[in-house]
Structure formats: C-alpha cells, structure tokens
Amino acid sequence: MVQEVFGAQPAVWDTYSVTERAFSTTRGVRCLATCGAAVVLLFAASAPARAVRPTGTATRAVVPMRTVRRIAWDRVPVMRKAAWSHFVSDAGEPGWRALWDRATRVPVRIFGPGIDAPGTVAEATTAARFSREFLARHLDLLAPGAAAADFSLVTNDLSDGVRTVGFLQYHHGLRVIGGQVSFRFKADRLVVIASEALPDVRATPVARTPAGCPGRASTWLRAANLHVTRASAASPPMILPVVTDAGVAGYRTVVGVNVSTASPIGRWQVYLDAQSREPVARIQTLRYGTAAIYYNAPIRYPGSSRNDFPATKATIDLGDGQLTTDAAGILTWDGTDTVDVDLKTVGPLVAVANAAGDPASLKTLIPDNGSAVWQAATDSNVDAQLATFIHVQIGKDYARRFAPDLAWLDTQIVANVNLSQTCNAFFDGESLNFFAASDDCQNTGRIADVVYHELGHGVHANSILEGVGVFDGALSEGLSDYFAADITKDPGMGRGFFFSNEPLRQIDPEDGEHRWPEDIGEIHTTGMIISGALWDLRKLLIAKYGEEQGIVLTDSLLHAIMQRAADIPTSYVEALVADDDDGDLANGSPDVCEIDQAFGDHGLRDLGTDVSAPSVAAPNPDGFPVALTVSGLREECPGDTISGVTLSWNLRRNPDQGGTINMTASGDSYMANLPPAPEGTVLRYRIDLSLEGGGHFVLPENPADPSYELFVGEVKTLYCTDFEEDPFAAGWTHGLASQDMTMGGDDWKWGAPVASAASGDPSAARSGTSVIGNDLSVGDMDGFYQPNVINFAQSPVDDVDSYSDVRLQYWRWLNVEDGYYDHATIYANGEKAWENANSMQGDSSSTHHRDHEWRFHDVPLSTHIKDGTVQVKYEIASDGGLELGGWTIDDFCIVAVPSSICGDGQVSGAEECDDGSANSNGNADACRKNCRVATCGDQVVDSDESCDDGNLIEDDGCSNECVAPGADSGGCGCQTPGAREHDHRGRKAALVLFALAATVVIVRRRRA
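Conventions used here
- Residues numbered from 1 in each chain as written.
- Predicted model: local features only at pLDDT ≥ 70, side-chain atom pairs only at ≥ 80, totals over all residues.
- Heavy atoms only, no water.
- Helix = DSSP H or I, 4+ residues; strand = E, 2+ residues; numbered from the N terminus.
- Buried < 20%, exposed > 50% of the residue type's maximum accessible area, 1.4 Å probe, protein only.
- Contact = heavy atoms within 4.5 Å.
- Areas by Shrake-Rupley, 256 points an atom, 1.4 Å probe, with all protein chains shown as cover.
- Pairing = 2+ DSSP bridges.
- Axes fitted to C-alpha atoms, helices over the stretch in contact; angles between N-to-C directions.
- Salt bridge = Lys/Arg side-chain N within 4 Å of Asp/Glu carboxyl O.
- Phe/Tyr/Trp six-rings, centres within 6.5 Å; stacked < 30°, edge-to-face > 60°.
- Disulfide = S-S within 2.5 Å.
- Polar contact = N/O pair within 3.5 Å; in protein donor to acceptor, adjacent residues only side chain to side chain.
- Parallel < 35°, antiparallel > 145°, perpendicular 65-115°, else oblique.
- Left-handed = near helix turned anticlockwise from the far one by under 90°.
- Core = buried A, V, L, I, M, F, W, Y, C linked by side-chain atoms within 4.5 Å.
- Expected span 1.5 Å × (residues − 1).
- Bend = angle between axes of the 7 residues up to and from the residue.
- pLDDT = per-residue confidence, 0-100.
- Nonpolar A, V, L, I, M, F, W, Y, C, P; charged D, E, K, R; others polar.

This part is about the overall build of the chain. Broken down by element type, the chain carries 14 helices and 51 strands. Within the chain, the proportion of its 1008 residues that are buried is 57%. Taking the intrachain contacts of the chain between residues at least 6 apart in sequence as the baseline, contacts between residues at least 24 apart amount to 68%. Of the roughly 38300 Å² of accessible surface on the chain, a fraction of 50% belongs to carbon and sulfur atoms.

Below, the structure written as structure tokens:
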C-alpha cells in the first residue's frame, strides 16, 4: 500500500554551527509524499522530526530545529515568576491562565477575566496606544530582553467584534524571524495577550547584503542532489532564532534566498550568514494536499456520481474576443445568432495549467437559448483539468461564507494538473498542484476532497493576521482536512484516492480520538487532532442550534483559528475569544461547554490535577489517605462534572491481591483510604476519573509504569541527599561505561533542570532547586540523553550494618524509550535491581516510559548487599534511534526497616526467616541469605532463588517461594549449587543473544 501524506509540509530544518553534537544518520530518510513527491530529510524514528545533514554539505554539527511548539499549561517558569506576578497584579482580577512555550519560556497565550480598555474596539488609535503601553509595562513577561521600540505595529483589525492589534519584533532594526506580539479586545476589554516573541535576542547587526548569495544557496542545495531551477535575490539582513525543542540555542544574522527545485519538486527558503554567506539553515515551504475539478465532473471522485456543474466564471473564446460566464455559468453575447465558442479551464478566479501538454479546450456551437456540456470522463488528462476548475471555485464560494472580506478569494489562482509525479498534491504558497494517476493512486486533480484540502491551505495562509497568527504545518493540515470535510459533509476525507470509497483520513473515527500530545507524529496525523476537534464541535453545535446555524458558528471559529492561532494548542484559546460575548473569558462564552468538550476530548483543554498521598507511612489500622484535587472544570457545563473517581490498588509483591475503591467528594477534593497493610508492604495504586460528558483521565499518566507507590513501615535513614550541594564533590561519580565513539558521551549533570521541557523532563526540582540527571542545562545539548552510549551516575558506598530489609527510596522524573530499545537501569553493587518496562512488541515496541510528574520509587536492595555495604548506580543504555529526556533524580535515600535485623533470631519486618546465625558466627552476609527478603515474582533469579518466572502461581513448576520443585532448599529458601550455576549460565547466554539482536535492530529499524 502506498502511503499518501499530501498537504502542507512541516518546517523541516538543516542548521549548522550552533552546538557540538552531531546527530546520527542511522535513522535514515523518508519520503514524505511517497516516491516522486517532495523529498524532505528527516529523522524517521522520532517526533518531532529531526533534520539530518545532506550528503556533501558542511561538516559541522546539525541542530534539529523544532517542528512542533511544546506548551505547558499554567506552569510559570522560574525565571518568569516575578514578571507573571507583576502582570497578575496589574490585571487586577484573578482567574488568568497561560499557555507557556516550553522552549522560549514566553507565554504564547494569556487569557482570563479581561482588563478594562475603553474605546479600544471602536477606535483603532486607542487600541494601538493601549497595546503599546501594555507591552511596554510587561516586556519582561512578553518579550524578555527586548525594548518597546523593537516592536512595529503591523495589524489593527476589527472583525466579528474582535479588535486585534499585532506587532512584529525587530532587533537593532533587523526583523527577528517569527517574533511577534498581539492583543485581542472584545467589548472594550483586553481578553487575550499573545506572544511569539523571542527572548534575549543577541545578534550582530549587518548593514548590507553580501553579493553572490543566490549562487551560494543554489550550490548548497545542489550538493544535496537537488535540481535547482530558480533562485531569487537575497533579502535584507534579518535575525534567525535557532529554536530547538530544548530551548533557544542562539541567534544568527542571516539573509534569505528563495530557491525552487525540481525532481523532486521543492521550494526552499535558504538562510545564509549575512557576512560570510555560510549556509545556516533551510526550510521546505511547499504545502501538500489533494483536489478534483470538472464542467461535467465527479461529485467526489471518478467512480462516484457525476454532475453537470455550471462553468462558473469561465473565460470563453469567441471568434472576435473573449467573454466570461456569470456565477450561474450563463454566457451572454450580442445578438441572437449561434456562436462558435472555444471552452477552456481558465477564468478570473482560477487558471488551470496542464503539465502534460497543451491545455484542454472544446470547440462547439451554442445556439441562442441552447446549452453545452463539456464531458471527458474517459480521458483522465482532460477530466482532471475540468474537475479542478469546478472544485476550486466551489471551495472559494464556500470559504466566502465565513471569510467574506478575504480579498485573496477574488484573485486568480493557478492550478497545475497532471504533474509527472504521483500520489500527491501540494500548495506552494502561490499555486495548487495535482499529480497524475498511477497504478496505486488516482489522478489527484480529479478528486474533489483533494482540491478542497489544497485550497484550504491557501485560505489558511492568506487569513493569517500578520504579527498575530503563524502558519504551522500540522495546524494547517488539520484545518484543511476539516475544510474539505465541511464542504462534503463527510468526515471521511479523501475518498477515491486509492480507487475506492475508503477515506484517506477519517477525522471522526469510531474507535477513539486523536489527542494532544499522545498522537503527535507525522504531520498529517498530528493535524487530525485539530480536525477531529472541529468536527466534534460541529456535531455539538448542530445538536444545539440546528444544522445551518451550527455549521455557521463552527466555521466562524475555524476562521478565527486561521487568523490568530500559532499552532494546534493555541487554537483552543482563539476559539474561546471568538465565541466570547462580554470580554471576560474567565466566565466562559456562549458555547464554552461545547468548545471545552470537543477540544477536551482531543487533549487541547487542560485539567489541573494534584494527587496527595504519603510515600512512606507507618502501619495504620485505618489505612492510608489519598486525595485528588481537580481544577479547570466548569460547573455550568452538564458534561463537565465528575461522574466518578475510583482508586484501584494492589500489592506489588502479589498483584492478584487488590481491589477498587470509590473516592468520595470532600470539598474541592476526592478522598479514599488505601487499605491497611503489614510492615514492609509496597502498595501500588492508580486513579481513574470520568466526566459526565465522556472524558476519561488516568493518573499517573504513564502506561509503562501505571501505578503510584506507597511503602508501609517505619524506616531508618542510612544515607540521604537532596542534591542541594554538589554530589559529585561529595563521593558521587559519573562517567561512561561504553560508547560508540562517533556518537554521544557522558551527559550526567548536577544543577537546576531548566533545559529539557521538550523531552518531557521537569522544569523544577522536587525539593529545593537542584537535581542530578541526563543533560540538564541550556548550554549542553538538547535535553535528550545521548545515542549509542552507556553512561551512569553512582552513589558512594554505604554501610548497611546488619539490617536485612534495606531499600532505595527516591523521587524520579524519567523519560526513556521502550525497554525493547533503550534501558534505564538501577544497579545495586553491580546487580540489576530495577529496569524500565519492555513491551516485547519487536520493532513495534512503543510503550515508552514517560513520567509527567515527580514519582516516588521504592527499590528493594537486600538481596544485593555485599560485605555489609551497598552502592547504587543509575544507568542509561541507548541505541542509535529515539532518545528522550532520561533520568532526573531528587531526594535520594537508602533506608532500612529498623525491626529487620539479620541474626537476632526474630522473624520480623519483611524477613521470611531468621536462624540467629549472625549471633553465632558474626557473618551478617551469610545470615542475610537465611534472613531472605523475598523478591519472588520479579522475573529476576536472586542469589537465594532457584527460579523466578515472574508470577506467584502455584503448580507451574516454580512455586510462589521461587524454589524449583525437588530442589534442596537448604532451609529458608536456599538452593542447590547446581541449580544456581545453571541459572546464571542461562542468564549470561540470554544477555549475549539480546546484545546481538539489538545490534541488528539498531541498523534496520525505523520508528516514530
């Protein structure tokens, strides 16, 4: 099956000279638009995609520019807390919320109860003055490091009752690419502040553009085996922010050159250093999609029903001149004689160009009061020209319903059909482009959905308010899919693409919704998050107002998102402000319930949740309290009430022993007690929250480790550190255990976790300010652990005395790939004590361990103690594929259960036995084997087990004491030397086989 991914292509960058890290090319490249379409170099294994260095280009390190903005709801970065407090104080009323850009740490959208701004809706000058003064007061929040004079007013628009004021960002007179700040006023109140400004811009101003830039840009693309057809003159100097998923890596003063390429087709914006002409970055700007057109044309696609469509606004050749039909396709001429006409697919709104030869035409005679039908159903080449002409104009007419003032709709657009590549279509910012048929795919110029989708990119691009909205590729894909589905009234978008009635993309699937951020991936898949949200909103508003008004309202919100949104997450806020009727977003809007439900089902509306429970507690006959606090629900929305909250629990040692408890409301929280448990027990639990409207939330949000932990028992601290002082100056060590010398190294650091938000890492320590972890600081790499490396951090050696129940208890924020590929391991005295989960799904393994909060973790150490001491090591072992944030560790403790003293002759705590041998021979280690603390059922054959099959089922050949039937236990769980020796040989062989298999996997696999 050929995979089609037509549409707007993501911003895919190749960037040089910013960091020292060279990324692996073992991820390979992929063709985004199937063979023959525009080729984009990407890391195929991860999302967001990372660029690779093209063959034959510069040898400096490549930095992956971000393709998706990562946002955080209401989590004020540490360095912005003072500025946020100033804003809240200035705003006066509580209830303000913010979406924060995790890379720039700038609030991309602030919205709430509104600020009085008299006269701003009716008077443009008042709105501009108010906006400038507000921006000047809050530069440290909206544009840190900038001056008020750095912002130039470019938009002052009043539409649908919303006054929008937009500013572009400059630095020393040079345009900062992508930098902008804007304001939304409604009912004479400031209701939304938006900032895509770049913080702390530092770049050297350049007065003039260097010579030879078009040739240098063309040479760079030719070195990547691209056929250059045209290069524009260089732009004036400007400033390019190098923004990665981890943060702002730097700024470059550049000039831009537009370069067109063929075979494959491409249009590139190439940035060169404004002094040296060194290539800095390039971005592919083609926008991909689908379409179909006719006089007599398929209603949807060849094979579906056909219709004689009016040839609206068609320019007709007569013998002595040209005439144009009206909106009903009626041609009027002087006289009543029969006329000789030449029909073409050209008019004032669309000009169809045939890439496969001469443009189609039909000569015919038309009598007075007669008619003519141009039909070419059996000629794919001509049929594509007719279908594209018809459906472009149907799409333009539809867009005028919600964007009547969009002047672009009344201009002529060129539509190129029958291009010599297949299985795709694209919008390049100026023209629509459709490919010929193949054995796999239909001629895309003959498919109405594809034409509407491509036109949707044009409507979006030309609706954006300068300095306010942003053309984001994934957002545009979703909006264009919805635009096509809206016209056809069918969420099955792209029917006919593969010569059948099956849709190319189903934006309203029966088996679940696409959600942010879980379904971020390939750009069209990501786009289905917003297309699905809009379609669900359409259904809800139709049910509320009826079909006609419901669609009109949804389309008005679609247009507001096109105008003002910067990406998919910010679309939620722009829908709210467009729907608002009183300038106070804190009190909702007329359709806030429907907006919240539709966007919430797709992960675009955030709920605040906080789980409060002990991590270590003494045995208690009343059990252990767990509280859940939920914020962000709207009491006025029927579906936005909690229908139930349950607490599910089990014992870590015996997962079959557990149950479910209904949590009860108590004020603003939900409460339940975990059941009492004996000393030494670890309780595992999770919380399921359901809404009346169908929303469902599970905490913790980590399928690889889906339960919180609570240790029951008194503990004695043997060693603790909160990492507020440098641990690597106090006995901790870190380094490399193994390394592919072409790849990464030791990235363990101590300090504040400030650089890794995009990789899922925390923005603050669990306590205090400092932690240890992989790649923490802004000046390092990108927040991700290194590829093809084994590196570690190791604690000092700690004396555990004669305690038989010794445990590691610490807090972690871990992000690591599925254990089938990458391994996050905890060792105790060189023996494995814990490892991240392996989903065992081969190359489809994708259950990555992603913590979204600080998690308490209890790890038994007793069976690994040697000579009365223990040393803990945290390790990352990675392959050459996907890397995530890795370990972040805080509040590390080694503790003991004080009642469990090996050799006192008392079976206590977690001991299974105690023969008092330590009292007779003083050998605590020998005793410890007899005072065994069981870890049966963990699939690890410990030193006192003869087997461990990972379950506690009797009569399966390995008992729930982890002693093979017939083995000489030697008393209290001991085993025969032969059984133990056999087991260790088997484990060693298995590790060798895994290493060989992993080598093969690294070479051949590609994954998202």
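The next subject is the sheet that holds strand β18 (residues 321-324). Pairing within the open sheet is antiparallel, and its four strands lie in the order β18-β17-β19-β21. Bordering the open sheet on either side are β18 and β21 (361-366), each of which pairs with just one other strand. Adjacent strand axes in the sheet meet at a mean angle of 30°, parallel and antiparallel pairs treated alike. Note: strand β17 (residues 315-318) against β18, four bridges, orientation antiparallel. By the bridge assignment for β18, I316 is matched with L323.

Before going further, it helps to spend a moment on the pattern of salt bridges. Taken as a whole, this structure holds 48 salt bridges when the rule is applied. R267 is the partner of D428 in a salt bridge, and the nearest nitrogen-oxygen pair spans 3.5 Å. Of this pair, D428 sits in the loop between β23 (425-427) and β24 (432-436) while R267 sits in strand β12 (residues 266-273), and the two are 161 residues apart along the sequence. Take D428 and R267: they sit in the same class, and that class is buried. Residues K344 and D317 are paired through a salt bridge, measuring 3.9 Å at the closest nitrogen-oxygen approach. Separated by 27 residues along the polypeptide, K344 in strand β19 (residues 339-344) and D317 in strand β17 bring together distant segments of the chain.

Moving on: the packing of aromatic side chains. This model, assessed by the stated rule, comprises 27 aromatic pairs. Measuring from centroid to centroid gives 6.3 Å for W73 and F111, while their planes differ by 90°, and the two rings are edge-to-face. Taken together, the positions of W73 in strand β2 (residues 71-73) and F111 in strand β4 (residues 107-116) put the pair 38 residues apart, joining distant regions of the chain. Taken as a pair, W73 and F111 share a single burial class, namely buried. Here Y810 and Y874 contribute two aromatic rings whose centre-to-centre distance is 5.4 Å and whose plane-to-plane angle is 65°, an arrangement assigned as edge-to-face. Highlighted residues: Y810 in strand β43 (residues 806-812) and Y874 in strand β50 (residues 872-877), separated in sequence by 64 residues.

Turning our eyes to something else, we now look at the state of the cysteines. Note on terminology: disulfide describes a covalent bond linking the sulfur atoms of two cysteines. Within the structure shown, the criterion is met by three disulfides. A sulfur-sulfur separation of 2.0 Å characterises the disulfide bridge that pairs C593 with C637. The sign of the S-S torsion, about -85°, decides the handedness of the disulfide formed by C593 and C637: left-handed. In this pair, C593 is assigned in helix α11 (residues 592-600) and C637 in the loop between β29 (624-631) and β30 (642-651), connecting sequence segments 44 residues apart. The burial state of C593 is the same as that of C637; both residues are buried.

Moving on to the environment of Q809. Its location among the elements puts Q809 in strand β43. Given the relative accessible area of 6%, Q809 is considered buried. When the C-alpha positions of Q809 and V895 are compared, they lie 7.1 Å apart, and in sequence the two are 86 residues distant. Setting aside residues up to four positions removed in sequence, Q809 forms contacts with V616, F711, V715, F856, H857, D858, D891, F892, C893 and V895. Within polar-contact distance, the side chain of Q809 engages the side chain of D858 at 2.9 Å.

Once that is clear, we can look at the packing of helix α6 (residues 448-463) against helix α7 (residues 473-488). For the pair α6 and α7, the least separation of the axes is 8 Å and the interaxial angle reads 130°. What the angle tells us is that α6 and α7 run oblique. Here α6 and α7 pass one another in a crossing that is right-handed. Where α6 approaches α7, its residues D449, Y452, H453, L455, G456, H457 and H460 are matched on the opposing element by L475, S476, E477, L479, S480, D481, F483, A484, I487 and T488.

Moving on, we come to the sheet that holds β29. Read from one edge to the other, the open sheet built from four strands follows the order β27-β29-β33-β32, with strand pairing classed as antiparallel. If you trace the sheet from one side to the other, it starts and ends with β27 (608-612) and β32 (664-666), each paired once. Pairs of neighbouring strands in the sheet enclose a mean axial angle of 30°, with direction left out of account. Taken together, the five bridges between β27 and β29 define a ladder with antiparallel strand orientation.

What follows concerns the nonpolar core. In this structure, F111, F402, V459, I530 and F599 are the most contacted members of the largest nonpolar core, which totals 97 residues. With nine residues, the single largest contributor to this core is helix α5 (residues 380-402). The residues touching F111, leaving out its near neighbours within four places in the chain, are W73, G95, W96, R97, L99, V191, V192, Y572, V573, L576 and L585.

Turning to the pairing of β12, a few remarks are in order. Walk down a regular strand and you will see the side chains alternate between the two sheet faces. Most of β12 sits inside the fold, with eight of its eight residues counted as buried. Of the two faces of β12, both are covered, the one formed by G266, W268, V270 and L272 as well as the one formed by R267, Q269, Y271 and D273. Across eight bridges, the pairing between strand β11 (residues 248-262) and β12 is antiparallel. Within the sheet, the bridge partner assigned to T261 lies in β12 and is G266. Note: β12 against strand β13 (residues 279-284), five bridges, orientation antiparallel. Counted as the bridge partner of Y271 is A281 from β13. Hairpin connection from β12 to β13: five residues lie between these consecutive antiparallel strands, with R277 at a positive phi of about 65°.

It is worth spelling out helix α8 (residues 523-545) at this point. With 23 residues, α8 extends 33 Å between its outermost C-alpha atoms, agreeing within 8% with the 33 Å of an ideal straight helix rising 1.5 Å per residue. Along α8, the sharpest kink reaches roughly 25°, centred on I529. Once α8 ends, the next one or two residues include G546, with phi positive near 100°.

Turning to unusual backbone geometry, a few remarks are in order. Cis geometry is adopted by the peptide bond preceding P700, which originates at L699 and carries an omega value of 0°. Tracing the backbone shows P700 in the loop between β35 (696-699) and β36 (708-712). Notably, N829 is not glycine yet its phi reads approximately 50°, a positive angle. Along the chain, the position of N829 falls in the loop between β45 (823-828) and β46 (831-835). Exposure remark for N829: the relative accessible area of 18% places this residue in the buried category.

Among the structural elements, R605 can be located in the loop between α11 and β27. Classification of R605 as buried rests on a relative accessible area of 8%. A distance of 2.8 Å separates the side chain of R605 from the backbone oxygen of G632, its partner in a polar contact. Engagement of the side chain of R605 in a polar contact is seen with the side chain of D640, the distance being 2.6 Å. Other than its neighbours up to four places away in sequence, R605 contacts W73, Y572, D596, F599, G600, G632, L633, R634 and D640.

Attention shifts here to the side chain of T888. Within the secondary structure, T888 is located in strand β51 (residues 888-896). Dropping the residues within four chain positions of it, T888 is found in contact with D761, P762, V771, I772, G773, W811, R812, W813 and W854.

With respect to the helices and strands, the residue I642 is situated in strand β30. Its relative accessible area of 17% is what places I642 among the buried residues. Between the alpha carbons of I642 and L689 there is a distance of 7.2 Å; along the sequence they are 47 residues apart. Other than its neighbours up to four places away in sequence, I642 contacts V630, L633, Y670, L689, S690, L691 and E692.

Residue-level pLDDT values for the chain average 82, and 80% of them are 70 or greater. Taken as a whole, residues 951-960 scores under 50 in pLDDT and shows 20 contacts with residues more than four places along the chain or in a different chain. Low pLDDT (under 50) marks residues 962-1008, which in the prediction has 70 contacts with non-local residues, meaning those over four places away or in another chain.

Time to look at the packing of α5 against α6. Running from N to C, α5 and α6 point in directions that differ by 50°, and their axes come no closer than 9 Å. It follows that α5 is oblique to α6 by the angle criterion. Where α5 crosses over α6, the handedness of that crossing is right-handed. Contact residues: T388, H391, V392, I394, G395, K396, A399 and F402 in α5; A448, V451, Y452, L455 and V459 in α6. Taken together, the residues that form the contact of α5 with α6 break down as nine nonpolar, three polar and one charged.

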